[in-house]
Amino acid sequence: MMKKKGVFLLFLLAACADVWEYSPKQKFDRDSPVGVNTQGVERILSTPGDDTVSFVFIGDAQRFYEEQEHFVAKVNTLPNLDFVIVAGDIADFGLLQELEWAHSRLSKLKVPYLTVIGNHDIVGTGEQAFTRFYGPLNYSFTFLGYKFVFHNTNSKEYATAIVPDMNWLAREVTDPQASYVVGVSHVAPFDADFARSLEMEYATLLRNQPNFLVSLHAHQHRHSDGYPYQDGVRYVVAHHFEAREFVHFKLINGQLIKTIQPF
Amino acid sequence: MKTRVLLILCGAMLGAGARAQNRSALSPDFYTAQFAGSIGYISVGAGYTFFKNKMDVSLHYGFVPKRMGGEFHIATARFVYQPWQWPISKRLTLSPFNTGIFISYHADSDLSTSWPSRYEDGYYWWQTAIRFHLLWEQRLSFALNGGRFSHLQVFTQLNTNELYAISYLLNTGSIKPSEFVKLGMGVRVALR
């Protein structure tokens, strides 16, 4: 009898494939999704849309799982929302398990959520896990004329100044097809963790695009909104999850309407 | 390089035992082969028992192939305490409450026990190559007649590591045990 119970319990455990871990550093497992961002973009582009692009903007989800649940509950009450942006640091320790914990909560959002890689997502084998899980680290899409350019700006994680990829970025933000451009990345150019040798090149690139609307970042765990280079380019740094506030943006006719919501 | 040192170490350890026909003081008291359990897709190990079989100390080499989320080579040192054994029949004993710790080291160029000098002290407070795990093991032991081996055992082992545990402790209202407790199973042969 005892043995039968034991065998039954083993079968029950074995049924959850996720529990058979080979290594905490695993780059993927049998259950981990592939290309969550890529699928999210496809979903967004398959909706007809209206005259407004409405999205929620937040960052630094790392280790704040309870807050993620509250966030999802609140965001799901917003009408006519198109998508959510989580601007990096989904994981804290660069572990696949952390991406899975976050995804099992954030995938309960009614709208797609899109991420951009943060420095904590890169550490160890994190970059490889993140790339398979979410998709390419630099990607873009154009929805209702607004081009969103997601890119890796975590310069400090690389021994040489190879990030951000300025050539890729220059091609993306100068797209003649886009009416307006929005930049999304984790580390802002004015942050100490951004490559100093690329800061002015980056700021100049954005300044020279007349249709560039706003540059969105996270990493600092403190919301800010302003014109740090006094050159007409607006930079907004997201709230982190622990602050239990997020920014809700609406884009109408090239105008940016911003509200801050608690959750 | 790291991987080669690790392989030589583990090979030497396993070899020392395998060669010994008459058990010398150095030859291991038991060998293990394991599936999953956070120390490799497949791992093999050897170790010693102390304090009348109440304590195991063992070293393991584990491998995760690329198509299983690797590739990784992992060295593990494991300490298991077996507080009591429950006789089920003449030959069969169950010890469902074994507890212990293990320390795993990943030999990988992306992982390290320290951070490069471009980071200020404490920028990241943990390191990526070594993990500390807690384990809870259930072991079923079958006594063998004669031969080199005294017992054939099967075990299941639940574990979590310190980074999962921290994530859980900060989110007890959200993360469920099934989300941070990982499983492995294996066989263990004890030498006479």
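Parameters at a glance
- Residue positions are counted from 1 within each chain, in the order its sequence is given.
- Ligands are numbered from 1 and chains lettered from A, in the order in which they are written.
- In view of the model being predicted, local features appear only for residues whose pLDDT reaches at least 70, and side-chain atom pairs are presented and counted only at 80 or more, with totals across whole chains, interfaces and linings using the full set of residues.
- Side-chain descriptors were evaluated using all non-hydrogen atoms of the structure, hydrogens and water having been removed beforehand.
- Using a 1.4 Å probe on the protein chains alone, a residue whose accessible area is under 20% of its type maximum counts as buried, one over 50% counts as exposed, and one in between counts as partly exposed.
- Numbering of helices and strands starts at the N terminus; helices are DSSP runs of H or I of at least 4 residues and strands are runs of E of at least 2.
- Strands were regarded as paired on the criterion that DSSP finds at least two bridges between them.
- A clockwise path from the first strand over the helix to the second, with the strands pointing away from the viewer, defines a right-handed crossover.
- The definition of a nonpolar core used throughout is a set of buried Ala, Val, Leu, Ile, Met, Phe, Trp, Tyr and Cys residues joined through side-chain atoms within 4.5 Å.
- Contact between two residues is taken to exist if any of their heavy atoms lie within 4.5 Å; hydrogens are not considered.
- Every axis corresponds to a line fitted to the C-alpha atoms, with the helix fit spanning only the stretch in contact, and the corresponding angles, defined between N-to-C directions, vary from 0 to 180 degrees.
- The labels follow the angle: roughly parallel below 35 degrees, roughly antiparallel above 145, roughly perpendicular from 65 to 115, and oblique for the rest.
- Here a crossing is called left-handed whenever its near helix is offset anticlockwise from the far helix by less than a right angle, and right-handed whenever the offset is clockwise.
- Put simply, Ala, Val, Leu, Ile, Met, Phe, Trp, Tyr, Cys and Pro go in the nonpolar bin, Asp, Glu, Lys and Arg in the charged bin, and everything else, Gly too, in the polar bin.

**Points about the pairing of strand S6 (residues 180–184) of chain A**
Residues and elements named next belong to chain A.
Phase 1 of the analysis: Most of S6 is tucked away, with four of its five residues classed as buried.
Phase 2 of the analysis: Here five bridges tie strand S5 (residues 146–150) to S6, and the two strands are oriented parallel to one another. Within S6, the residue paired with Lys-147 across the bridge is Val-181.
Phase 3 of the analysis: Handedness of the β-α-β unit built from S5, helix H7 (residues 166–173) and S6 comes out right-handed.
Phase 4 of the analysis: In terms of strand pairing, S6 meets strand S7 (residues 212–217) through four bridges, oriented parallel. Bridge assignment links Val-181 to a residue of S7, and that residue is Phe-212.
Phase 5 of the analysis: With helix H8 (residues 196–207) bridging S6 and the parallel S7, this β-α-β connection has right-handed handedness.

**What about the nonpolar core?**
Phase 1 of the analysis: The biggest cluster of nonpolar side chains holds 45 residues, and the ones touching the most others in it are A:Phe71, A:Val84, A:Val86, A:Leu106 and A:Phe241.
Phase 2 of the analysis: Sorting the residues of this core by element identifies strand S1 (52–58), helix H3 (65–75), strand S2 (83–86), helix H4 (96–106) and helix H6 (126–134) of chain A together with helix H2 (162–169) of chain B as the ones contributing at least two each.
Phase 3 of the analysis: The greatest single-element share of this core, amounting to five residues, is contributed by H4(A).
Phase 4 of the analysis: Sequence-distant contacts of A:Phe71, that is, excluding residues within four places in its chain, are made with A:Val56, A:Ile58, A:Val84, A:Leu106, A:Leu109, A:Phe241, A:Phe246 and A:Phe263.
Phase 5 of the analysis: Among the nonpolar cores identified, the runner-up in size contains 28 residues, and A:Val116, A:Tyr139, A:Ala218 and A:Val247 belong to it.

**Quick notes on the packing of H3(A) against H4(A)**
Residues and elements named next belong to chain A.
Phase 1 of the analysis: As a packed pair, H3 and H4 sit with axes 9 Å apart at the nearest point and diverge in direction by 25°. Taken together, the axes of H3 and H4 are roughly parallel relative to one another. In this structure, the crossing between H3 and H4 has a hand that is right-handed. Contacts between H3 and H4 involve Tyr-65, Gln-68, Glu-69, Phe-71 and Val-72 from the former and Glu-98, Trp-101, Ala-102, Arg-105 and Leu-106 from the latter.
Phase 2 of the analysis: Partitioning the contact of H3 with H4 into residue classes produces six nonpolar, one polar and three charged.

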